Amino acid sequence: DAKTTQPNSMESNEEEPVHLPCNHSTISGTDYIHWYRQLPSQGPEYVIHGLTSNVNNRMASLAIAEDRKSSTLILHRATLRDAAVYYCIASYGKLTFGQGTILTVHP
Amino acid sequence: DVKVTQSSRYLVKRTGEKVFLECVQDMDHENMFWYRQDPGLGLRLIYFSYDVKMKEKGDIPEGYSVSREKKERFSLILESASTNQTSMYLCASSLVLRDRTYEQYFGPGTRLTVT
């Protein structure tokens, strides 16, 4: 697994877009970029993953830099329910969770 | 909806006791995992299993063992509980996607306190 670096915390206002960055400069060619989030008092849940191209799903978008050394998880309109710890993982196969980014969403 | 259930949300055990944490998934997933989560250390993989009766050590297997006798059930065993095993334990199962990556589904966790 490649080491990932994320900000410890970020804040957003409700209904505004949120861009959560992640650096993974040692990523290998076969490593995928995964994002999970953990809501309070729950286990983590899958958000999105990608390899080279940008990806969209109903929860979020994933923008991957051309050199793949960084990526950004985009929540298009943050809600209070999006307040969670967001984990970025660069790996193929088993997942290694780091500290993540604590996202606070203000009403 | 995929469901991963864990036998207890909260558990208190004494030092030296044998502890069983049970995890059941209902989606016929082949892969199952046990993690522990501690403040400042994040989630750390203890053991995982790719098939019935098959297990592999994760990053911190010391002091733990596992059992997978049926596909839907994965048990974590603390042979002789110690206070440094006080933690949140999370079980997960995973779907293998078309691109051969995993989408993991987690249970709600068991908060174990060893006194």
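Our structure is the block above this text.
Before going into details, it helps to say that this report is about the structure given with it. (Residues numbered from 1 in each chain as written. Chains lettered and ligands numbered in written order. Predicted model: local features only at pLDDT ≥ 70, side-chain atom pairs only at ≥ 80, totals over all residues. Heavy atoms only, no water.)

Here's the deal with the pattern of salt bridges
All names here are of chain B.
Right, so step 1: Enumeration according to the criterion identifies nine salt bridges over all chains in this entry.
Right, so step 2: A salt bridge links Glu79 to Lys18; the shortest N-O distance between them is 3.5 Å. Of the two residues, Glu79 sits in the loop between strand S8 (73–78) and strand S9 (87–96) while Lys18 sits in the loop between strand S2 (10–13) and strand S3 (19–25), which places them 61 residues apart along the sequence.
Right, so step 3: Here Glu79 falls in the partly exposed class, since its relative accessible area comes to 42%.
Right, so step 4: Exposure remark for Lys18: the relative accessible area of 44% places this residue in the partly exposed category.
Right, so step 5: Its salt-bridge partner being Glu69, residue Lys53 comes within 2.4 Å of it at the nearest N-O pair. (Salt bridge = Lys/Arg side-chain N within 4 Å of Asp/Glu carboxyl O. Helix = DSSP H or I, 4+ residues; strand = E, 2+ residues; numbered from the N terminus. Buried < 20%, exposed > 50% of the residue type's maximum accessible area, 1.4 Å probe, protein only.)

Re the pairing of strand S6 (residues 61–64) of chain A
Residues and elements named next belong to chain A.
Right, so step 1: Sheet topology note: the strand S5 (residues 55–56)/S6 ladder contains two bridges and is antiparallel. Within S6, the position partnered with Val55 by the bridge is Leu62.
Right, so step 2: Linking two consecutive strands that pair antiparallel, namely S5 and S6, is a turn of four residues.
Right, so step 3: Bridge analysis of S6 against strand S7 (residues 70–75) gives four bridges, and the strand direction is antiparallel. Bridge pairing links Ser61 to Ile74 in S7. (Pairing = 2+ DSSP bridges.)

Things to note about the state of the cysteines
Right, so step 1: Applying the stated criterion to the full structure yields two disulfides over all chains.
Right, so step 2: Between Cys22 of chain A and Cys88 of chain A runs a disulfide, and the two sulfur atoms are separated by 2.0 Å. Between Cys22 of chain A and Cys88 of chain A, the S-S torsion sits near -80°, and that sign places the bridge as left-handed. Pair noted here: Cys22 of chain A is in strand S2 (residues 18–23) and Cys88 of chain A is in strand S8 (residues 84–91), with a separation of 66 residues, a long-range link.
Right, so step 3: Between the sulfur atoms of Cys23 of chain B and its disulfide partner Cys91 of chain B the distance amounts to 1.8 Å. Residues Cys23 of chain B and Cys91 of chain B share a disulfide whose torsion about the S-S bond is about -75°; that sign makes it left-handed. Taken together, the residues span a long stretch of sequence, with Cys23 of chain B in strand S3 and Cys91 of chain B in strand S9 at a distance of 68 residues.
Right, so step 4: For Cys23 of chain B, a relative accessible area of 0% translates into the label buried. (Disulfide = S-S within 2.5 Å.)

Notes on the environment of Ile74 of chain A
Residues and elements named next belong to chain A.
Right, so step 1: Considering the arrangement of structural elements, one finds Ile74 in strand S7.
Right, so step 2: As for Ile74 and Val18, which are separated by 56 residues in sequence, their C-alpha atoms are 5.6 Å apart.
Right, so step 3: With near-sequence residues (within four places) excluded, Ile74 lies in contact with Val18, His19, Ala60, Ser61 and Ala63. (Contact = heavy atoms within 4.5 Å.)

None of the figures reported here should be taken as evidence of function without further support.
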